[in-house]
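# Geometric and topological summary
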Amino acid sequence: MRIITREDLSDIYIKFHQRGLPFLLSKINSNAFQRTKSAFNDSTLESSSFWIIPEVTKRWNKLITGNEDMLYEEYLTNTYFKNKEKIKILALGTGVCSHEIRLAEMNPNCEIECYDFSDELLKKAKVISEAKQLENISYFAKNIIEHDFKNEKYDVVFFHASLHHFNRISEFMDQVVIKNLKAKGLLIINEFVGATRLQYSTMQLYYINRAIKTIPKEYRKIFKTEIYKNRYYGSGALRMIIADPSECVDSASIIPAIHQKFHVLEEKFYGNNILQSALKDISHHFLELNPEKQEVLEKVFALEDELLEKHPSDYVFGIYQLK
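These remarks concern the structure in this document. What you see as residue numbers is a count from 1 along each chain, following the sequence as written. Residues qualify for local features only when their pLDDT is at least 70, as the model is predicted, and side-chain atom pairs are given and counted only at 80 or more; totals for whole chains, interfaces and linings, by contrast, use all residues. Side-chain calculation: all heavy atoms of the structure are included, whereas hydrogens and water are not.

### With respect to the packing of aromatic side chains
When the centres of two rings from Phe, Tyr and Trp lie within 6.5 Å, Trp using its six-membered ring, the rings pair. Their planes under 30 degrees apart give stacked, over 60 give edge-to-face, and anything left gives tilted. A complete count under the given rule lists 17 aromatic pairs for this structure. With a centroid separation of 5.5 Å and 75° between ring planes, the pair formed by Phe 192 and Tyr 315 is classed as edge-to-face. Placement of the pair is Phe 192 in strand 5 (residues 181–192) and Tyr 315 in strand 7 (residues 315–322), with a sequence separation of 123 residues. Considering the side-chain rings of Tyr 200 and Tyr 232, the 6.4 Å spacing of their centres and the 40° angle between planes classify their relative orientation as tilted. Here Tyr 232 lies in the loop between helix 9 (202–213) and helix 10 (237–243) and Tyr 200 lies in the loop between strand 5 and helix 9, a separation of 32 residues in the sequence. Relative accessibility under 20% of the residue-type maximum defines a buried residue, over 50% an exposed one, and the middle range a partly exposed one, all with a 1.4 Å probe and only protein chains included. On the basis of relative accessible area, Tyr 200 is assigned to the buried category, the value being 3%. Assessed through its relative accessible area of 5%, Tyr 232 is described here as buried. Here the aromatic residues Phe 50, Trp 51, Trp 60, Phe 192, Tyr 270 and Tyr 315 are joined through ring pairs into a cluster of three or more. Stacked on the ring of Tyr 154, the Lys or Arg Lys 88 has its end atom at 5.1 Å from the ring centre. Whether a charge sits over a ring depends on NZ of Lys or CZ of Arg being within 6 Å of the ring centre and within 35 degrees of the ring normal. A cation over an aromatic ring shows up here: Lys 217 above the ring of Tyr 228, its NZ or CZ 4.8 Å from the ring centre. Runs of E in the DSSP output that reach at least two residues are strands. Runs of H or I that reach at least four are helices, and both are numbered from the N terminus.

Written as structure tokens, this is what we have:
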């Protein structure tokens, strides 16, 4: 395990320019829950993360739904939710609830309950859903681990990029997920399931740096700084624990725990082993494409496909039924 790396030191500098001194000072707190909360409780944050790139979204759609123009919420609607009388969904770790709101719009027959500890993000979500006049979605600012769900039974438990923030995954499945599911209920995830604490393999780091080298310097200037991304060294566990103790805390256990307790209905592995790190903080250069930028992304995608032929995927879209 890498305890501290050069990546950690540069990330502190970058975070200072992108999020300011108050954000860094929020990490000087002995309360692990408050350090985690400070990482998410900002509804106005600008970023240059890989998921903002439209071509990346098209790639995900193609790998998950088979259609680059079809989001997975539409796929779920057409394949699992349409023509059902009523579906009760428990969504955990929802943040600003963009995916849950989209599902509520597409499926008036769904009753969606969103739980997250970030009251600020849930307030923003509520404003959005009220503007859309949605009456089938509700919000609860709770610490999911401590909240008593009173054995309510749901047809679906749903996670989008949040399950990897929970520790002791096998126990969490038993005590929260399975406890709240009806018999034969569904678990639906769109999730990071890669290395715990982002402790990437030597092979993965090698491919990430090959990808960075394919990107011209002008597109490697880091968001809100005057420095350039030249190499990726991997995350140190110490900085991750300080910055957000929940980040990928037991992510490597997610797939084994699910396979033990659920039947696999669908499982679409779609990578991001390279994209997440190689494009971090430089993704804003690829919001609008010209032929050169298009070619750069295609080269990065090709490297990721090559890596995935011999390395497990970091991300999965999965639909599972309780055994």
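### Considerations on unusual backbone geometry
With a phi close to 60°, Gln 133 is a non-glycine residue in the positive phi region. Its place among the elements puts Gln 133 in the loop between helix 7 (119–131) and strand 3 (137–141). If you check the backbone angles, Lys 224 has positive phi at about 60° while not being a glycine. You can see Lys 224 is positioned in the loop between helix 9 and helix 10. For Lys 224, a relative accessible area of 42% gives the class partly exposed.

### Structural notes on the side chain of Ser 313
Turning to its location among the elements, Ser 313 is positioned in the loop between helix 13 (291–308) and strand 7. Exposure remark for Ser 313: the relative accessible area of 13% places this residue in the buried category. Pairs of N or O atoms are called polar contacts if they sit within 3.5 Å, as long as, within protein, a hydrogen donor faces a hydrogen acceptor (for residues adjacent in sequence, only side-chain-to-side-chain pairs). Of note is the side chain of Ser 313, whose polar atom sits 3.5 Å from the backbone nitrogen of Tyr 270. A distance of 2.8 Å separates the side chain of Ser 313 from the backbone oxygen of Tyr 315, its partner in a polar contact. Non-local contacts of Ser 313, meaning those with residues more than four positions away in its chain, are made with Val 193, Phe 269, Tyr 270, Gly 271, Asn 273 and Leu 308. Should any heavy atoms of two residues lie within 4.5 Å, those residues are considered in contact.

### Concerning the nonpolar core
As used in this record, nonpolar core signifies buried Ala, Val, Leu, Ile, Met, Phe, Trp, Tyr and Cys residues forming a set joined through side-chain atoms within 4.5 Å. Within the largest apolar cluster, 61 residues are counted, with the highest numbers of intra-cluster contacts made by Leu 76, Phe 81, Ile 112, Ile 188, Ile 274, Leu 279 and Phe 317. Among the elements that line this core, the one with the most residues is helix 13, at six residues. Here Ile 274 is in contact with Tyr 207, Ile 208, Ala 211, Leu 279, Val 300, Leu 303, Glu 304 and Leu 307, once residues within four sequence places are set aside. Among the nonpolar cores identified, the runner-up in size contains 27 residues, and Ile 189, Ile 254, Ala 257 and Leu 322 belong to it.

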